[in-house]
Amino acid sequence: MQNEKRRIFSGIMPSGNLHLGNYLGALKNWVALQDDYENYYCIVDLHALTVPQDPKVLRVKIRELAAIYLACGIDPEKSVVFRQSRVSGHAELAWLLNCVAKVGELSRMTQFKDKASKGGTDSASVGLYDYPVLQAADVLLYNAHLVPVGEDQRQHLELMRTLARRFNGLYGETFVVPDIFVPEAGARVMALDEPTTKMSKSSPTPASYIALLDDPDVVRRKIRRAKTDSRSEVKASPDKPAIANLLGIYAAMTGRKVAEIEAEYEGRGYGDLKKDLAEVVVEGLAPIRERALALLDDPAELDALLDRGAAKAREVADTTLHDARAKLGLD
Ligand code: AQP
């Protein structure tokens, strides 16, 4: 239909502490795109189960994530906000797509290899291996046209596009093949203590990430203690991954170009950069933190909002699932 908006789907796992990478790589862009699309922003709680979770903590993290979505600017009047586990079509479509995906394809996924290697591949869950297929189901279920994510998700999204095309080719046109949206700035925020690995919310070292709910003084301390490189020029060169990361965060938080920030710090040292960056980050995150904490004071309202979102999501999901089942001969 002519005036229908194109759809967006994206999600975040309610595991660990949401951090600056999740904000700059995903949430900030969701908010910016929100007016131009019909949006489905999901709390992907089934994905969180791919690594062990404490049920008590998971319950808390699900609400916290809902509060952070809203605090960052996701507007429930413009976007459907819901929990993946409340729309059973996600798991069912994942099964249908499992029967189209190939073991070789999943075995090539670097995120699985990285995460599984930490505890030994044989003891990784089958869910962790299958994560990209569930992720494909998440997006294809809503026939989303665009998926805004950080750089680390690019390989999964390519697989998603392959699965959609394969299914359409085998059984007839069913799914929209989604485009990937990766932001120019902030697509890959690196750990503060080890700038060659990405900032990750499951890191056991809190100093490696800036959590969106960190107290301002904690943010200042983490940036002050962030790893730096040898030589003192403030330049984002390949042999200076730590400074490149700090400059990248600065640029993504302010919307300025890295080159412009480098010029401003010519002849000045890392200490000045860190001091100013800390204030930029504190200023950007403080309103989000305050709003999220206020929203968390009313958990019943957050739960009700998620239930309303799930009801809306189910309407779309059921139609797609019905179509996919019928194409497979399951009608
Ligand atoms: N370091 C990052 N820089 C930019 N974007 C990032 N994202 C994650 N880390 C960075 C983006 O955030 C969204 C949500 O990610 P997720 O929680 O669903 O999964 P993830 O990518 O595995 O995130 P984490 O923080 O690394 O979590 P854990 O440690 O639990 O695995 C995605 O759009 C992702 O690209």
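Residues numbered from 1 in each chain as written. Predicted model: local features only at pLDDT ≥ 70, side-chain atom pairs only at ≥ 80, totals over all residues. Heavy atoms only, no water.

A. Focus on the overall build of the protein chain. Broken down by element type, the protein chain carries 13 helices and 5 strands. Relative to a compact globule of 331 residues, whose C-alpha radius of gyration would be 20 Å, the protein chain shows 20 Å and is just as compact. Taken along its principal axes, the extent of the C-alpha atoms in the protein chain is 70 × 45 × 45 Å. Of the contacts formed within the protein chain by residues at least 6 apart in sequence, a portion of 77% connects residues at least 24 apart. Entry remark: accessible area of the protein chain is about 15500 Å², with carbon and sulfur atoms responsible for 52%. Counting 44 positive and 47 negative side-chain charges, the protein chain places the centres of these two groups 3 Å from one another. (Helix = DSSP H or I, 4+ residues; strand = E, 2+ residues; numbered from the N terminus. Rg over C-alpha atoms; globule rule 2.2 N^0.38 Å. Contact = heavy atoms within 4.5 Å. Areas by Shrake-Rupley, 256 points an atom, 1.4 Å probe, with all protein chains shown as cover. Lys, Arg positive; Asp, Glu negative; His and termini not counted. Charge placed at Lys NZ, Arg CZ, Asp CG, Glu CD.)

B. View of the site of the ligand. Around the ligand, the structure places 24 residues, and the nearest of them are K115, D152, S200, K201 and S202. One of the side-chain nitrogen or oxygen atoms of S15 is found 3.2 Å away from an oxygen atom of the ligand. Calculation on the ligand without its partners gives an accessible area of 640 Å², and the protein chains cover 97% of this total. Elements supplying a minimum of two residues to the shell around the ligand: β1 (7-12), α1 (20-33) and α6 (110-119). The element that contributes the greatest number of residues to the shell around the ligand is α1, accounting for 4 residues. Residues that form the shell around the ligand fall into these classes: 7 nonpolar, 12 polar and 5 charged. (Near = heavy atom within 4 Å. Polar contact = N/O pair within 3.5 Å; in protein donor to acceptor, adjacent residues only side chain to side chain. Nonpolar A, V, L, I, M, F, W, Y, C, P; charged D, E, K, R; others polar.)

C. Focus on the environment of P299. Inspection of the secondary structure puts P299 in helix α13 (residues 299-328). Take P299: its relative accessible area is 30%, and that puts it in the partly exposed class. (Buried < 20%, exposed > 50% of the residue type's maximum accessible area, 1.4 Å probe, protein only.)

D. Looking closely at helix α12 (residues 270-295). A rise of 1.5 Å per residue sets the reference length of α12, with its 26 residues, at 38 Å; its end C-alpha atoms lie 37 Å apart and thus fit the reference within 8%. The largest bend in α12 is about 35°, located at L285, with the proline P287 one to four residues further on. Where α12 is concerned, the buried positions are Y270, L273, K274, L277, A278, V281, V282, L285, I288, R289 and A292. Elements that come into contact with the buried residues of α12 comprise α1, α3 (55-72), α9 (216-224) and α10 (241-254). (Expected span 1.5 Å × (residues − 1). Bend = angle between axes of the 7 residues up to and from the residue.)

E. Main features of unusual backbone geometry. Phi is positive for N143, close to 45°, though the residue is something other than glycine. Residue placement: N143 occurs in the loop between α7 (126-140) and β4 (146-148).

F. Broad picture of the layout of surface pockets. The space that makes up the second largest pocket amounts to roughly 490 Å³. Along the walls of the second largest pocket sit 23 residues, with E184, A185, G186, G248 and A252 positioned nearest its centre. Listing elements by their share of the lining of the second largest pocket, those giving two or more residues are α1 and α10. For the lining of the second largest pocket, the element with the most residues is α10, which contributes 7 residues. Class assignment of the residues belonging to the lining of the second largest pocket gives a composition of 13 nonpolar, 5 polar and 5 charged. Both domain 1 (7-181 + 298-328) and domain 2 (206-293) contribute no fewer than three residues apiece to the lining of the second largest pocket. (1 Å grid on protein atoms, 1.4 Å probe; cavity = no way out; pocket = protein on both sides within 12 Å on 5 of 7 lines; lining within 4 Å. Points joined across faces, edges and corners; volume = space filled by probe spheres on them. Domains from an automatic or database assignment.)

G. Spatial organisation of the packing of α1 against α3. Packing of α1 against α3 leaves a shortest axis separation of 9 Å and a crossing angle of 60°. Looking at the two axes, α1 sits oblique to α3. Along its contact with α1, which presents Y23, L27, W30 and V31, the element α3 presents I68, Y69 and C72. Of the residues assigned to the contact of α1 with α3, the class counts are 7 nonpolar, no polar and no charged. (Axes fitted to C-alpha atoms, helices over the stretch in contact; angles between N-to-C directions. Parallel < 35°, antiparallel > 145°, perpendicular 65-115°, else oblique.)

H. Just the side chain of K201, in detail. Mapping K201 onto the fold places it in the loop between β5 (179-181) and α9. One buried charged side chain, K201, makes no salt bridge at all; its nearest oppositely charged neighbour is D152, positioned 8.6 Å away. Polar contacts involving the side chain of K201 include one to the main-chain carbonyl oxygen of M13, which spans 3.3 Å. Not counting the four nearest positions on each side in its chain, K201 is found in contact with I12, M13, S15, G16, N17, L18, H19 and N22. (Salt bridge = Lys/Arg side-chain N within 4 Å of Asp/Glu carboxyl O.)

I. Layout of the domain arrangement of the protein chain. Parsing the protein chain into structural domains produces domain 1 (7-181 + 298-328) and domain 2 (206-293). Placing the centre of domain 1 and that of domain 2 at their C-alpha centroids yields a distance of 30 Å. Contacts between domain 1 and domain 2 engage 13 residues on the former and 13 residues on the latter. When domain 1 packs against domain 2, the two sides together hide about 1100 Å² of surface, and 76% of this comes from carbon and sulfur. When the buried surface of domain 1 facing domain 2 is broken down by residue, L20, L24 and A71 rank first, second and third, together holding 43% of it. Where domain 1 meets domain 2, there are 0 salt bridges. Here domain 1 and domain 2 share 5 residue pairs in polar contact (both at pLDDT 80 or more) between them. Those elements giving two or more residues to the side of domain 1 that touches domain 2 turn out to be α1 and α3. Residues belonging to the side of domain 1 that touches domain 2 are distributed by class as follows: 9 nonpolar, 2 polar and 2 charged. (Buried area = accessible area lost by both parts, 1.4 Å probe.)

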